[in-house]
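Descriptive analysis of the structure
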Amino acid sequence: MSFIGILILQFFALIIPGPDFLLVSRTGITDSKVAVCQVVAGICTGALIWMILSILGLHILFQTYPVVNQLVMLGGACYLMVLAYGIAVQSNQEVAEVKKIQGQFYFLKGLMCNLSNPKAIIYFASIFSALPLGSDITNILIIITLLLIESFVCFVGLGILFSHSTIKRTYYQYTKKIDIVSSFIFVFFALLLLIKFFVSLDL
Ligand SMILES: NC(=[NH2+])NCCC[C@H](N)C(=O)O
C-alpha cells in the first residue's frame, strides 16, 4: 500500500467514533484548547508506544500468549469505566469544582485512553507490513512520523471544532444529560472490550 493509502486508511480509523474520539471531543467542549492539545499529545504518545511495540514484534507475543492481550483488554475496560465514572461524578458538581479536581492530568488521560485498546498493536503491525518497498527502517520512520502528525492534526482539529461557542453553549444548556450520555458511551466501549475479553476466554 502507498503512503497516501495508509494515511487515508488511518484518517477513517481516526474519525470513527471510539474512546479517543470521544475524549477529545469532550475535552474540546468542556475545557480549553490547551487541554485538547495535552489530551491529544497523550493519545499520540500512546499510539507511538503501540507502534514501537508492534515493530519490536510484540503483536506476535500478543497472538502467541493471548493472556497478555486479555490482561490489557481487562485493564483497558477498567480504565474506560473509570473515565465514565469520572464524568458521572462531574455531572453532579459545579463547573468551578470540576476544574479544580481535573488538575493537570490531561496528558495522562489521553495516554491511558489510547493504551486501553490493545487492538492497536495488530492494526499498526498490519500497517507496517503493508508498507511500500518493504519494511525497511527509513520507510518505517517516515510512516511513523506521518501517522503521528496526521493523528495530532486531526484530533486537535476535532477538539477545536467541538470547542466552538455554539457547541459549548448547547453543552452548558444540557450539561447533565450530555454528561450522562457520554459516560454511558464510555461504559459501552468498556463493555465492548469486556465482551471481546470473554469471547477470547473461549469458555
Ligand atoms: N491515534 C490513533 N491512531 N488513534 C486511533 C483512534 C481510534 C478511534 N477512532 C477512537 O477514537 O478511539
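Residues numbered from 1 in each chain as written. Predicted model: local features only at pLDDT ≥ 70, side-chain atom pairs only at ≥ 80, totals over all residues. Heavy atoms only, no water.

1. Observations regarding the site of the ligand
Taken together, Q10, A13, L14, I16, G18, P19, D20, F21, I43, A47, N114 and S151 make up all the residues around the ligand. One nitrogen or oxygen atom from the main chain of A13 is found 2.6 Å from a nitrogen atom belonging to the ligand. Contacts to the ligand include G18, whose backbone N or O atom sits 3.3 Å from an oxygen atom. Starting from 350 Å² of accessible surface for the ligand in isolation, the protein chains cover 86%. Mapping the ligand onto the cavity grids shows that it belongs to the largest pocket. For the shell around the ligand, the secondary structure elements donating two or more residues are α1 (3-15), α2 (19-30) and α3 (33-55). Grouping the amino acids of the shell around the ligand by side-chain chemistry returns seven nonpolar, four polar and one charged. (Near = heavy atom within 4 Å. Polar contact = N/O pair within 3.5 Å; in protein donor to acceptor, adjacent residues only side chain to side chain. Areas by Shrake-Rupley, 256 points an atom, 1.4 Å probe, with all protein chains shown as cover. 1 Å grid on protein atoms, 1.4 Å probe; cavity = no way out; pocket = protein on both sides within 12 Å on 5 of 7 lines; lining within 4 Å. Sits in = over half its atoms within 2 Å of the grid points. Helix = DSSP H or I, 4+ residues; strand = E, 2+ residues; numbered from the N terminus. Nonpolar A, V, L, I, M, F, W, Y, C, P; charged D, E, K, R; others polar.)

2. Observations regarding a nonpolar patch on the surface
Together, I4, I8, F11, F12 and I15 give the surface a local cluster of nonpolar side chains, amounting to about 480 Å² of exposed area. Its location among the elements puts I8 in helix α1. Classification of I8 as partly exposed rests on a relative accessible area of 46%. (Patch = residues over 30% accessible without salt bridge, like charges linked within 9 Å, V, L, I, M, F, W, Y side chains within 5 Å. Salt bridge = Lys/Arg side-chain N within 4 Å of Asp/Glu carboxyl O. Buried < 20%, exposed > 50% of the residue type's maximum accessible area, 1.4 Å probe, protein only.)

3. Considering helix α9 (residues 137-162)
For α9, spanning 26 residues, the distance from its first C-alpha to its last is 37 Å, which sits close to the expected 38 Å at 1.5 Å a residue. Residues of α9 that are buried sit in contact with α1, α2, α3 and α8 (119-129). (Expected span 1.5 Å × (residues − 1). Contact = heavy atoms within 4.5 Å.)

4. Some words on the nonpolar core
One recurring pattern in soluble globular proteins: nonpolar side chains tend to sit buried together. Among the nonpolar cores identified, the biggest contains 45 residues, and V24, M51, L80, F124, F128, L147 and F186 are the most heavily contacted of them. Sorting the residues of this core by element identifies α1, α2, α3, α5 (66-90), α7 (106-115), α8, α9 and α11 (175-201) as the ones contributing at least two each. If one sorts the elements of this core by residue count, α3 sits on top with nine residues. With residues up to four places along the chain from it excluded, the contact list for F124 reads Q10, A47, W50, M51, S54 and L147. (Core = buried A, V, L, I, M, F, W, Y, C linked by side-chain atoms within 4.5 Å.)

5. A closer look at the layout of surface pockets
In this structure, the largest pocket encloses a volume near 670 Å³. Together, 28 residues line the largest pocket, and A13, P19, D20, N117 and K119 are the ones closest to its centre. Elements supplying a minimum of two residues to the lining of the largest pocket: α1, α2, α3, α7, α8, α9 and α11. Taken together, the residues of the lining of the largest pocket break down into 19 nonpolar, six polar and three charged. (Points joined across faces, edges and corners; volume = space filled by probe spheres on them.)

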